[in-house]
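Here is what each chain is made of, one letter per residue.
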Amino acid sequence: EKGGYEHFMLKEIHEQPKAYRDTMRGRINAEGNKVILPELNLTVEQIKNIRNVQIVACGTAYNAGLVGRSLIETLVRIPVENDIASEYRYRSPIVTPETLVIVVSQSGETADTLAALREGQANGAHVLAITNVVGSSIAREANDVLVTLAGPEIAVASTKAYTSQLIAFTLLGLYMAEVRGTQTEEQVSEILTAMHALPEQVEEILAQKEAIKNYAEQISKHKHLFFIGRGVDYAVAQEGSLKLKEISYIHSEAYAAGELKHGTLALIEEGVPVIALATVESVLEKTVSNIKEVKARGADVMAITHEEHVTDLLRSVDQAFVIPKTLPLLTATLSVVTLQLLAYYASLALGHDVDKPRNLAKSVTVE
Ligand code: M6R
């Protein structure tokens, strides 16, 4: 049942190329310049009238929503807010019939996310669910469902569900962009071409697993570590940190790289591992100056970046992992794979139950 893999998590990490393909299949026209989502009830009129988007979810699905925000804001230029589901309903969110609420849930059964869906509907919003389970409570109650085709996810730590959610957000963003005329056909086809290359690019990252394992063994000796990044890299940092805590029980924090010097820098001392996500070109230079700040305090820095920046970066960091070249909008779908493997091998090195971490359940059906 684990298909020859030692754990479900490792199997599911390796299933990502397929999950990307399956989630894209049938949703792109033959010319490769248009997203088609016939399953949506959301009308062209409704899409044109959307004034704001609220993305609501828990845990890893929330982290996917952070990337989703950046995708939708970039592609469609509509303001997007992210909310943790258990907070959303108690903060009296400002929802109108022109609000699109997007709930994200692998299982479709998370109690807080379901309650958030109902809160959105009670306020007249159209609620679109991104879920991996067609017959789930969330899928049944939502006004619209965009299914991720990741296949069953058994390991408590979510991997292929997260990346499929990113694919779903990209497709949705492109679809909305087309209706609202915010991207040209050329821009859309450039992004779709880049998306088609992702599955093979994930394979390239999977091929680095021995090196990632070595690094994981190194960090497994530490009690605390930090993830830093800017923009989408910060969103991925948050997912990497959650994954590591969840299955390796190593304490880590994810910080917006520029925020470190507002307090957290005090925690950086000799030998503390810092994992720097450095894939977003537009802010690369800024991230590098933050890397230098932690290096100057003795941190041991590992960077995740593109090939073309490695030589430069290696002047400021101790080691680096490369992700294949893609568009800035899509880097999260690749860089996170390195972090999933890192969490997996750190957990393994520490002898933990990778697929069933302590205190956690796969599906959280209580508030
Ligand atoms: O099924 P859901 O996507 O609604 O689950 C949400 C979270 O409970 C889930 O993503 C959790 O954070 C994962 N175990 C993280 O790996």
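Scroll up a little and you will see the structure.
Residues numbered from 1 in each chain as written. Predicted model: local features only at pLDDT ≥ 70, side-chain atom pairs only at ≥ 80, totals over all residues. Heavy atoms only, no water.

What about the packing of helix 2 (residues 16-24) against helix 8 (residues 160-180)?
Two elements in contact, helix 2 and helix 8, have axes whose closest approach is 9 Å; the angle formed by their N-to-C orientations is 30 degrees. As summarised for this structure, helix 2 and helix 8 are arranged roughly parallel, according to the angle between their axes. In this structure, helix 2 crosses over helix 8, and the sense of that crossing is right-handed. The segment helix 2 lies against helix 8, with Gln16, Ala19, Tyr20, Thr23 and Met24 engaging Lys160, Thr163, Ser164, Ile167, Ala168 and Leu171. Here the contact of helix 2 with helix 8 is built from residues that sort into six nonpolar, four polar and one charged. (Axes fitted to C-alpha atoms, helices over the stretch in contact; angles between N-to-C directions. Helix = DSSP H or I, 4+ residues; strand = E, 2+ residues; numbered from the N terminus. Parallel < 35°, antiparallel > 145°, perpendicular 65-115°, else oblique. Left-handed = near helix turned anticlockwise from the far one by under 90°. Contact = heavy atoms within 4.5 Å. Nonpolar A, V, L, I, M, F, W, Y, C, P; charged D, E, K, R; others polar.)

Thoughts on the site of the ligand
Close to the ligand lie 13 residues; Ser105, Gln106, Ser107, Thr110 and Glu246 are nearest. At 2.6 Å, a side-chain N or O of Ser107 approaches an oxygen atom of the ligand. The contact in question runs from an oxygen atom of the ligand to an N or O atom on the side chain of Lys243, over 2.9 Å. Look at the ligand: alone it shows 410 Å² of surface, and the protein chains cover 90% of it. If you list the elements that add at least two residues to the shell around the ligand, you get helix 4 (59-76) and helix 11 (232-248). (Near = heavy atom within 4 Å. Polar contact = N/O pair within 3.5 Å; in protein donor to acceptor, adjacent residues only side chain to side chain. Areas by Shrake-Rupley, 256 points an atom, 1.4 Å probe, with all protein chains shown as cover.)

Quick word on the packing of helix 11 against helix 14 (residues 332-349)
Taken N-terminus to C-terminus, the directions of helix 11 and helix 14 make an angle of 20 degrees; their axes are 9 Å apart at the nearest point. Comparing their axes, helix 14 and helix 11 come out roughly parallel. Of the two possible hands of crossing, helix 11 and helix 14 adopt the one that is right-handed. Along its contact with helix 11, which presents Val232, Val236, Glu239, Gly240, Lys243, Leu244, Ile247 and Ser248, the element helix 14 presents Ala332, Ser335, Val336, Leu339, Ala343, Tyr344, Ala346 and Ser347.

Some words on the nonpolar core
If you look at the biggest cluster of nonpolar residues, it comprises 92 residues, and the most contacted ones within it are Ile102, Met195, Ile275, Val337 and Leu342. A per-element tally of this core places helix 8 first, with 12 residues. Apart from the residues within four sequence positions on either side, Leu342 is in contact with Ile212, Tyr215, Ala216, Ile219, Ile275 and Met302. Counting residues in hydrophobic clusters, the runner-up holds 19 residues, among them Ala276, Ile291, Ala299 and Ala303. (Core = buried A, V, L, I, M, F, W, Y, C linked by side-chain atoms within 4.5 Å. Buried < 20%, exposed > 50% of the residue type's maximum accessible area, 1.4 Å probe, protein only.)

Some points on the sheet that holds strand 2 (residues 80-84)
Sheet architecture is open: five strands sit in the order 2-1-3-4-5, paired in parallel fashion. Strands with a single pairing partner mark the edges of an open sheet, and in this sheet they are strand 2 and strand 5 (144-147). Across this sheet, the average inter-strand angle for adjacent strands is 20 degrees, counted without regard to direction. Set on the sheet, helix 8 makes contact with strand 1 (52-57), strand 3 (99-105), strand 4 (126-131) and strand 5; between it and strand 3 the angle comes to about 160 degrees. (Pairing = 2+ DSSP bridges.)

What about the pairing of strand 10 (residues 319-323)?
Note: strand 9 (residues 300-306) against strand 10, five bridges, orientation parallel. Each residue of the ladder has a partner; that of Ile304, found in strand 10, is Phe321. In this region the chain leaves strand 9, passes through helix 13 (residues 307-313) and returns to the parallel neighbour strand 10; the handedness of that crossover is right-handed. (Right-handed = clockwise from strand over helix to strand, strands pointing away.)

Notes on the side chain of Thr287
Tracing the backbone through its elements, the reader meets Thr287 in helix 12 (residues 284-296). According to the relative accessible area criterion, Thr287 is buried, its value standing at 1%. Residues in contact with Thr287, not counting those within four places in the same chain, are Arg230, Leu277 and Ala278.

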